[in-house]
Amino acid sequence: MHPTIETVTTRIRARSKASREKYLGRIAEARAKGVKRGHLSCGNLAHGFAACSASEKEALIGTTLPNLGIVSAYNDMLSAHQPLKDYPEQIKAAVAGHATAQFAGGVPAMCDGVTQGQTGMELSLFSRDVIAMATAVSLSHDMFDAALMLGVCDKIVPGLLIGALSFGHLPTVFVPAGPMPSGLPNAEKSRIRQLYAEGKVGRKELLEAEAASYHAPGTCTFYGTANSNQMLMEVMGLHMPGAAFVNPGTPLRAALTAAAAKRVAGATALGNDYRPIGEMVDEKALVNAIVGLVATGGSTNHTIHLIAVAAAAGIKLEWQDFADISGVTPLLCRIYPNGQADVNHFQAAGGFGFLVRELLGAGLLHRDVKTLVGDGLEAYAQEPYLDGDQLRWRDAPAQSLDLDVLRPASNPFAPDGGIRVLGGNLGQSIIKVSAVKPTHRVIEAPAMVFTSQHAVQKAFKDGLLHKDVVVVVKGQGPRANGMPELHQLTPALGVLLDLGYKVALVTDGRMSGASGKVPAAIHLSPEAVADGPIARIRDGDIIRLDTETGELNVKAPDLATRKSDVPDTSAHEAGCGRELFAGFRALVGGAEHGAASFGWEGIV
Ligand SMILES: O=C(O)[C@H](O)[C@@H](O)[C@H](O)[C@H](O)COP(=O)(O)O
Ligand code: SF4
């Protein structure tokens, strides 16, 4: 094992010792002796199977067959989730005779693409915790011996995982639907967006490009948060191996769904291969997740979500863990926004099987981990295929089939993973440099301060930003307005970069996993409404952002004594359902603690 990976793992384990022991004790108590439904009263059980078929009732009255709980994020709004509609019936058919399966509950799912730049985006981060709570409500019927989580996108997999960990005694498998076929290349889509931002094409051309890029059921093909989720599920052993990027509606996809159901039914406490998710998601699995994240140039949103997921398992992650791991983990993938390719190209080049084998070989992934299909990660260095109607696995390609997309550890795109922590007199922030040109990684320029991304877009249209500038957008933190993604700034700031200006973004908000080329210090903590120094920056202040030294400073000797200009957030307190989230805005922790709204003592 790489010494730094060992060191980081050891310090995570040390700081989490008490909380992890408490968590493991809790899930040990929840483990059933026999079928979980055995503790229910007759009345409870009768309600639980009232709507079942006669054969299902007979099975549920018995105490030999496990009962699986299905939690699904199906809806028609996310192209990535639309194929999940028929999965429950596929799952029930797959385990018939060996287990029963009940649709335990549906959870909401927001498409960040639909809400990007809209008011709804202010509910996006909070929707992760709503999904976690809805998952717990679904499983709280407490008559399940294992669970299947059907979901793919941004806040949904983290939410399902947090919820599943609150029932950590259950073996749990994540079941994806896979990416849509490749459409208009992401880079061409972005080029047309920049032309639109410059007024060189109209809305008709823009919509044609967008519709050609997002054109079918399945996950969008850029490497954003949704597809970063798929990587996490592979390196944490929570998928069937290689399930991430098999396209929807294919025989292989259907076979993998059936295999997931059978596998998790075989991993319950009733058998001799009990694999509860709460034991699987341990310090080593979480370090493997961070390694996978930085090795692939994954979404910066996971510097928030993984901290919340870890806390749900009693484990305390810090941003410095990400930075230290990133510093020794090579960048092995170039998938848009970190390159031209999409996830289908990545899959064709060798996919996660190749990646996992390379990272294992480089001593960057812990081998001694429990996964859904066995001990160790070697199974995830394989790829699934159909031999007739038989689902089998074979070793991933020995060589990358496209060195422009996927590299061996011996010949990486970059020596480090590109997620860094910036510190200085403004607090702590995160920056991902894997998609930022080296010439854009040190920026020193005058600040222009805004309180919304729409004000920035207007300033751009009015020609006020065509100069060297550090755009500061404050009042975008979790307590202020739910910490929306400010991804719609990318086209305008990208135009300025392409015109040769020195441009950077500094914000207490987030960017999308699909953001990339603009140097952006994001998740700045403390946020403006929590008395963060960002509220004391003034137009014209010189800000230095240096990704090499890890510095983010404003050159203002009187910064500490200045009066804070805290943005008025009253406009964000109602409308579009936001009035229902006052409790979340009051409870939510800082980005560096996972921005969770559960009121846990473990997350401040
Ligand atoms: O974190 C992410 O990956 C994003 O939230 C992503 O899910 C979102 O949908 C983007 O907005 C899509 O990119 P465009 O908005 O550029 O289509
Ligand atoms: S990847 Fe983003 S835009 Fe695509 S379906 Fe998922 S949430 Fe929506």
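Remember, predicted model here, so these are calculated numbers, not experimental data.

## Notes on helix α13 (residues 283–295)
Point 1. In this model α13 runs 18 Å from its N-terminal to its C-terminal C-alpha over 13 residues, within 8% of the 18 Å that 1.5 Å per residue would give.
Point 2. The element α13 is extensively covered by neighbouring structure, given that 13 of its 13 residues are classed as buried.
Point 3. Between the side-chain oxygen of the N-cap and the backbone nitrogen of Lys284 there are 3.1 Å, and the N-cap of α13 in question is Asp282.
Point 4. Following α13 by one or two positions, Gly297 has its phi on the positive side, about 70 degrees.

## Brief notes about the site of ligand 2
Point 1. Around ligand 2 sit Leu78, Ser79, Ala80, Cys111, Asp112, Gly113, Cys153, Asp154, Cys220 and Ala226, and that is every residue in its neighbourhood.
Point 2. Split into classes, the residues belonging to the shell around ligand 2 amount to six nonpolar, two polar and two charged.

## What to know about the UniProt feature "domain: Dihydroxy-acid/6-phosphogluconate dehydratase N-terminal" (unreviewed entry) in the protein chain
Point 1. The sites that carry the UniProt feature "domain: Dihydroxy-acid/6-phosphogluconate dehydratase N-terminal" (unreviewed entry) are, in the present numbering, residues 66–378.
Point 2. The span residues 66–378 is 46% helical and 8% strand by assignment, and the distance between its end C-alpha atoms comes to 28 Å.

## Brief notes about the domain arrangement of the protein chain
Point 1. Along its sequence, the protein chain is organised into domain 1 (3–33 + 65–181 + 216–395) and domain 2 (420–569).
Point 2. Computed from C-alpha atoms alone, the centre-to-centre distance between domain 1 and domain 2 is 32 Å.
Point 3. For the pair domain 1 and domain 2, the summed buried area comes to about 2100 Å², and 59% of that belongs to carbon and sulfur atoms.
Point 4. Three residues stand out in domain 1 for area buried against domain 2, namely Gln116, Thr300 and Trp319, and they jointly supply 30% of the buried area on that side.
Point 5. Applying the counting criterion to the domain 1 and domain 2 interface returns one salt bridge.

## Observations concerning the pattern of salt bridges
Point 1. Overall, the coordinates contain 37 salt bridges when judged by the stated rule.
Point 2. Of the charged contacts, one joins Lys555 and Glu444 as a salt bridge, the two residues approaching to 3.0 Å between their closest N and O atoms. With Lys555 in the loop between β16 (551–554) and α21 (582–587) and Glu444 in strand β11 (residues 442–450), this residue pair connects regions lying 111 residues apart in the sequence.
Point 3. The partly exposed category is assigned to Glu444, whose relative accessible area is 32%.
Point 4. The partner of Lys458 in a salt bridge is Asp462, and the shortest N-O contact between them spans 2.5 Å.
Point 5. Since its relative accessible area comes to 53%, Lys458 is described here as exposed.
Point 6. Each of Arg11, Arg15, Glu318, Asp321 and Asp324 takes part in a single network of salt bridges with overlapping partners.

The rules we used
Residues numbered from 1 in each chain as written. Chains lettered and ligands numbered in written order. Predicted model: local features only at pLDDT ≥ 70, side-chain atom pairs only at ≥ 80, totals over all residues. Heavy atoms only, no water. Helix = DSSP H or I, 4+ residues; strand = E, 2+ residues; numbered from the N terminus. Expected span 1.5 Å × (residues − 1). Buried < 20%, exposed > 50% of the residue type's maximum accessible area, 1.4 Å probe, protein only. Polar contact = N/O pair within 3.5 Å; in protein donor to acceptor, adjacent residues only side chain to side chain. Near = heavy atom within 4 Å. Nonpolar A, V, L, I, M, F, W, Y, C, P; charged D, E, K, R; others polar. UniProt positions renumbered as here; feature names shortened; annotations may be inferred. Domains from an automatic or database assignment. Buried area = accessible area lost by both parts, 1.4 Å probe. Salt bridge = Lys/Arg side-chain N within 4 Å of Asp/Glu carboxyl O.

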